[in-house]
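Examining the three-dimensional arrangement
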Amino acid sequence: MSSAETQPRFGQSVKGLLSDKVGTCSGDVIALTRQVLKGSRSQELLGQAARNMVIQEDAILHSEDSLRKMSIITTHLQYQQEAIQKNVEHSKNLQDQLRHLLK
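Residues numbered from 1 in each chain as written. Predicted model: local features only at pLDDT ≥ 70, side-chain atom pairs only at ≥ 80, totals over all residues. Heavy atoms only, no water.

Along the chain, the regular secondary structure elements total one helix and zero strands. Out of the 103 residues belonging to the chain, those deemed buried represent 0%. Here the chain has roughly 9,800 Å² of accessible surface; of this, 62% comes from carbon and sulfur atoms. (Helix = DSSP H or I, 4+ residues; strand = E, 2+ residues; numbered from the N terminus. Buried < 20%, exposed > 50% of the residue type's maximum accessible area, 1.4 Å probe, protein only. Areas by Shrake-Rupley, 256 points an atom, 1.4 Å probe, with all protein chains shown as cover.)

Below is the structure:
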């Protein structure tokens, strides 16, 4: 009968060990799932950061192009201002000549 008594004890200890192993495995699966989710979120954040960087790069390139165009426009406006100033001086000379002739 001693072997009959050890049989239930052995079965109970195996069940206990199995239960412990299942609990440990469940904890490991939960930890692994958390890590995968954390990694997935990190990938999402990295992807979003990359997309934002591309958007910013496009904005910088557009701004650079706009500044170049504004520089060209500024140069043309300076030429026009110089031409207007020369015409104003020339018209003053013509007015002086006209006054002198009408005297």
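The structure having been displayed, the exposition proceeds.
Take the pattern of salt bridges next. Per the counting criterion, the structure on display carries four salt bridges. With its nearest N and O atoms 2.7 Å apart, the salt bridge here joins Asp 65 to Arg 68. Of this pair, Asp 65 and Arg 68 both sit in helix α1 (residues 2-102), three residues apart, which is roughly one turn of that helix. Taking the relative accessible area as the measure of exposure, Asp 65 reaches 26% and is therefore partly exposed. You can call Arg 68 partly exposed: its relative accessible area is 47%. For Asp 96, the salt bridge goes to Arg 99, with nearest N and O atoms at 3.1 Å. (Salt bridge = Lys/Arg side-chain N within 4 Å of Asp/Glu carboxyl O.)

A surface patch of nonpolar side chains, amounting to about 390 Å² of accessible area, comprises Leu 98, Leu 101 and Leu 102. If you trace the backbone, Leu 98 turns up in helix α1. (Patch = residues over 30% accessible without salt bridge, like charges linked within 9 Å, V, L, I, M, F, W, Y side chains within 5 Å.)

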